[in-house]
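Structural overview
Each chain is listed here by its residues.
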Amino acid sequence: DTGVSQDPRHKITKRGQNVTFRCDPISEHNRLYWYRQTLGQGPEFLTYFQNEAQLEKSRLLSDRFSAERPKGSFSTLEIQRTEQGDSAMYLCASSLVSGRTDTQYFGPGTRLTVL
Amino acid sequence: AQSVAQPEDQVNVAEGNPLTVKCTYSVSGNPYLFWYVQYPNRGLQFLLKYITGDNLVKGSYGFEAEFNKSQTSFHLKKPSALVSDSALYFCAVRDKIASGTYKYIFGTGTRLKVLA
């Protein structure tokens, strides 16, 4: 257990429905990241927060995706009008800058299946 | 752009034998390299990282990795494999997003199977 939690662990939805995932990072970590992992691939970066500010978004993050971190603690990732291509594992990571690098610690992920 | 490659989809090794999981990288500037392990239904777990200094980096669970600048490699190693080491292993490199901010770029992963 890395200390990063995600909820739910699994989500099955029908195409066109909206879904929301939650990530609770390690409490003292000020940076929070979302990644997406599809079968046979490594995780791909989606977006990043420094405290409550969303500072970077990947081109993978279409306008149907939105992420928030309202109080600089937990974060939510919402997907609107889900498509079958959104089926993937959504991973959250958190980090605290220390020295020359910040090691990212990952949660267990939320596996999304869009029917 | 920064990238890593894991040339082997799967590595099989007998329990008690040494194991190596390969990773090569392509970066501009100094590489910051990482290894993570993923067990079924669990998230990525950090094993070790290379920033600077000694080319041999020691990490969790008896793993170590050797940084080789001339070969642009960062292979993961363990002297004696355990069945419980069977998992999916990812190599990653840090890529700059903005000043002081980074994302990780992961390889495609190598599945390690340790046979009893």
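This text follows the structure it describes.
Residues numbered from 1 in each chain as written. Chains lettered and ligands numbered in written order. Predicted model: local features only at pLDDT ≥ 70, side-chain atom pairs only at ≥ 80, totals over all residues. Heavy atoms only, no water.

**Considerations on unusual backbone geometry**
Residues and elements named next belong to chain A.
- The omega angle of the peptide bond from Asp7 to Pro8 is -5 degrees, so this bond is cis rather than trans.
- Along the polypeptide, Pro8 turns up in the loop between strand S1 (5-7) and strand S2 (10-13).
- Positive phi values are uncommon outside glycine, yet Arg81 reaches one of about 50 degrees.
- Mapped onto the secondary structure, Arg81 falls in the loop between strand S8 (75-79) and strand S9 (88-95). (Helix = DSSP H or I, 4+ residues; strand = E, 2+ residues; numbered from the N terminus.)

**Digging into the pattern of salt bridges**
Residues and elements named next belong to chain A.
- Counted according to the given criterion, the structure contains six salt bridges over all chains.
- The partner of Arg64 in a salt bridge is Glu83, and the shortest N-O contact between them spans 3.4 Å. Taken together, the positions of Arg64 in the loop between strand S6 (53-57) and strand S7 (65-68) and Glu83 in the loop between S8 and S9 put the pair 19 residues apart, joining distant regions of the chain.
- A residue is classified by how much of its surface remains accessible, and Glu83, at 40% relative accessible area, is partly exposed.
- Connected through shared salt-bridge partners, Arg64, Glu83 and Asp86 make up one network. (Salt bridge = Lys/Arg side-chain N within 4 Å of Asp/Glu carboxyl O. Buried < 20%, exposed > 50% of the residue type's maximum accessible area, 1.4 Å probe, protein only.)

**Re the nonpolar core**
All names here are of chain B.
- Ranked by internal contacts, the top residues of the largest apolar core, which has 27 residues, are Leu33, Trp35, Leu47, Leu48, Phe74, Leu76 and Tyr89.
- Of all the secondary-structure elements, those providing two or more residues to this core are strand S2 (10-14), strand S3 (19-21), strand S5 (33-38), strand S6 (44-50), strand S8 (64-68), strand S9 (73-78), strand S10 (87-98) and strand S12 (110-115).
- If one sorts the elements of this core by residue count, S10 sits on top with four residues.
- Sequence-distant contacts of Leu76, that is, excluding residues within four places in its chain, are made with Leu19, Thr20, Val21, Trp35, Leu47, Leu48, Phe63, Glu64, Ala65 and Tyr89. (Core = buried A, V, L, I, M, F, W, Y, C linked by side-chain atoms within 4.5 Å. Contact = heavy atoms within 4.5 Å.)

**Re the state of the cysteines**
Residue and element names in this part refer to chain A.
- In this structure the tally under the stated criterion is two disulfides over all chains.
- The disulfide bridge from Cys23 ends at Cys92, spanning 1.8 Å between sulfur atoms. Taking the torsion about the S-S bond as the criterion, the Cys23 to Cys92 disulfide, at about -65 degrees, is left-handed. Pair noted here: Cys23 is in strand S3 (residues 19-24) and Cys92 is in strand S9, with a separation of 69 residues, a long-range link.
- Exposure remark for Cys23: the relative accessible area of 0% places this residue in the buried category. (Disulfide = S-S within 2.5 Å.)

**Side note on the sheet that holds S1 of chain A**
Residues and elements named next belong to chain A.
- Here we have four strands laid out as an open sheet, ordered S1-S3-S8-S7, and antiparallel in their pairing. The open sheet is flanked by S1 and S7, the only strands paired with a single partner. Direction aside, the axes of adjacent strands within the sheet are offset by 15 degrees on average.
- Pairing analysis gives five bridges linking S3 to S8, with the strands arranged antiparallel. The residue bridging Thr20 from the neighbouring strand is Glu78, located in S8. (Pairing = 2+ DSSP bridges. Axes fitted to C-alpha atoms, helices over the stretch in contact; angles between N-to-C directions.)

**Comments concerning the packing of aromatic side chains**
- Under the criterion given, the structure shown has 20 aromatic pairs over all chains.
- Ring geometry for Tyr35 of chain A and Phe106 of chain A: centres 5.4 Å apart, planes at 50 degrees, overall tilted. Here the residue Tyr35 of chain A occupies a position in strand S4 (residues 31-37), and Phe106 of chain A occupies one in strand S10 (residues 105-106), the gap between them amounting to 71 residues.
- By relative accessible area, which is 1% here, Phe106 of chain A ends up buried.
- Taking the centre distance of 6.2 Å and the plane angle of 50 degrees together, the rings of Tyr104 of chain B and Phe106 of chain B count as tilted.
- Taking relative accessible area as the criterion, Tyr104 of chain B reaches 1% and is therefore assigned buried.
- Judged by relative accessible area, Phe106 of chain B falls into the buried class, the value being 9%.
- Taken together, the ring pairs connect Tyr33, Tyr35, Phe45, Tyr48, Tyr105 and Phe106 of chain A together with Phe34, Tyr36, Phe46, Phe90, Tyr104 and Phe106 of chain B into an aromatic cluster. (Phe/Tyr/Trp six-rings, centres within 6.5 Å; stacked < 30°, edge-to-face > 60°.)

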